[in-house]
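Given next are the chains, with one letter for each unit.
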Amino acid sequence: MKTQDAKLKASVSHHDELIKELRADREFAVEYLGAALSELDDPDNRAVGLLAMRDVAEAYGGLGAVAQEAGINRESLYRALSPKGNPTLKTILAVMKTVGMKLSVEPSNHVHA
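Quantities reported herein were computed from a predicted structural model and do not represent experimental measurements.

The rules behind the values
- Residues numbered from 1 in each chain as written.
- Predicted model: local features only at pLDDT ≥ 70, side-chain atom pairs only at ≥ 80, totals over all residues.
- Heavy atoms only, no water.
- Core = buried A, V, L, I, M, F, W, Y, C linked by side-chain atoms within 4.5 Å.
- Buried < 20%, exposed > 50% of the residue type's maximum accessible area, 1.4 Å probe, protein only.
- Helix = DSSP H or I, 4+ residues; strand = E, 2+ residues; numbered from the N terminus.
- Contact = heavy atoms within 4.5 Å.
- Salt bridge = Lys/Arg side-chain N within 4 Å of Asp/Glu carboxyl O.
- Phe/Tyr/Trp six-rings, centres within 6.5 Å; stacked < 30°, edge-to-face > 60°.
- Expected span 1.5 Å × (residues − 1).
- Lys, Arg positive; Asp, Glu negative; His and termini not counted.
- Axes fitted to C-alpha atoms, helices over the stretch in contact; angles between N-to-C directions.
- Parallel < 35°, antiparallel > 145°, perpendicular 65-115°, else oblique.
- Nonpolar A, V, L, I, M, F, W, Y, C, P; charged D, E, K, R; others polar.

Draft legend 1. Representation of the nonpolar core within the structure. Core analysis: the biggest nonpolar cluster contains 26 residues, and Leu 22, Leu 33, Met 53, Leu 77, Met 96 and Met 101 have the highest contact counts within it. Among the secondary structure elements, those contributing two or more residues to this core are helix H2 (14–24), helix H3 (26–37), helix H4 (46–59), helix H5 (63–70) and helix H7 (89–98).

If you want it as structure tokens, here you go:
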């Protein structure tokens, strides 16, 4: 029984550890969010980018505080940064500014004529 108890105590939430690491390492947070936001281009993987924004918002004050500072209704922010969310550009920019980041543009592999 002691072995089972030790395993339970050693168990840590992946989400909690991710939030802690995002909060502790700003460079990691920027890389994490940048990689995830690249998935916004793919409708099948859009949730990855939205949930990463949510993770970073949680790490940098929590969704309630980020919503308040960004001037967004808390419930609206929760909805926008859900797996099926569809945030406006205004919401994305406000969240990014609030967490001290900004969007950037890079060329895609596909070139239009």
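Draft legend 2. Highlighting the side chain of Thr 91. Summarising the element assignment, Thr 91 is placed in helix H7. Contacts of Thr 91, omitting those with residues within four sequence positions, involve Ile 72, Leu 77 and Ala 80.

Draft legend 3. Structural view of the pattern of salt bridges. Tallied over the entire structure, the rule returns two salt bridges. The closest approach of N and O atoms between Arg 74 and Glu 75, which form a salt bridge, is 3.2 Å.

Draft legend 4. Representation of the packing of aromatic side chains within the structure. Per the counting criterion, the structure on display carries one aromatic pair. On the numbers, 5.9 Å between centres and 35° between planes, the contact of Phe 28 with Tyr 32 is tilted. In this pair, Phe 28 and Tyr 32 both sit in helix H3, four residues apart, roughly one turn of the helix. Accessibility expressed as a relative area gives 23% for Tyr 32, which makes it partly exposed.

Draft legend 5. Structural detail: H4. Across its 14 residues, H4 extends 20 Å between first and last C-alpha, which sits within 8% of the 20 Å expected from 1.5 Å per residue. Inspection of H4 places Gly 49, Leu 50, Ala 52, Met 53, Arg 54, Asp 55, Val 56, Ala 57 and Ala 59 among the buried residues, and these make up the whole buried set. In the core, the buried residues of H4 are packed alongside H2, H3, H5, helix H6 (74–80) and H7. Positive phi appears at Gly 61, one or two residues downstream of H4, with a value of about 120°.

Draft legend 6. Structural view of the side chain of Arg 54. Its location among the elements puts Arg 54 in helix H4. Despite its burial, Arg 54 remains without a salt bridge, the nearest opposite charge being carried by Glu 58 at 4.0 Å. In this structure, Arg 54 is in contact with Leu 63, Tyr 78, Leu 81 and Ser 82, ignoring residues within four places of it in sequence.

Draft legend 7. Local environment of the packing of H5 against H7. Two numbers describe how H5 lies on H7: the axes approach to 9 Å, and their chain directions differ by 110°. As judged from the angle between their axes, H5 and H7 are roughly perpendicular. Where H5 approaches H7, its residues Val 66, Glu 69 and Ala 70 are matched on the opposing element by Ala 94, Val 95 and Thr 98. When its residues are assigned to classes, the contact of H5 with H7 shows four nonpolar, one polar and one charged.

By themselves, these figures tell us nothing about what the structure is for.
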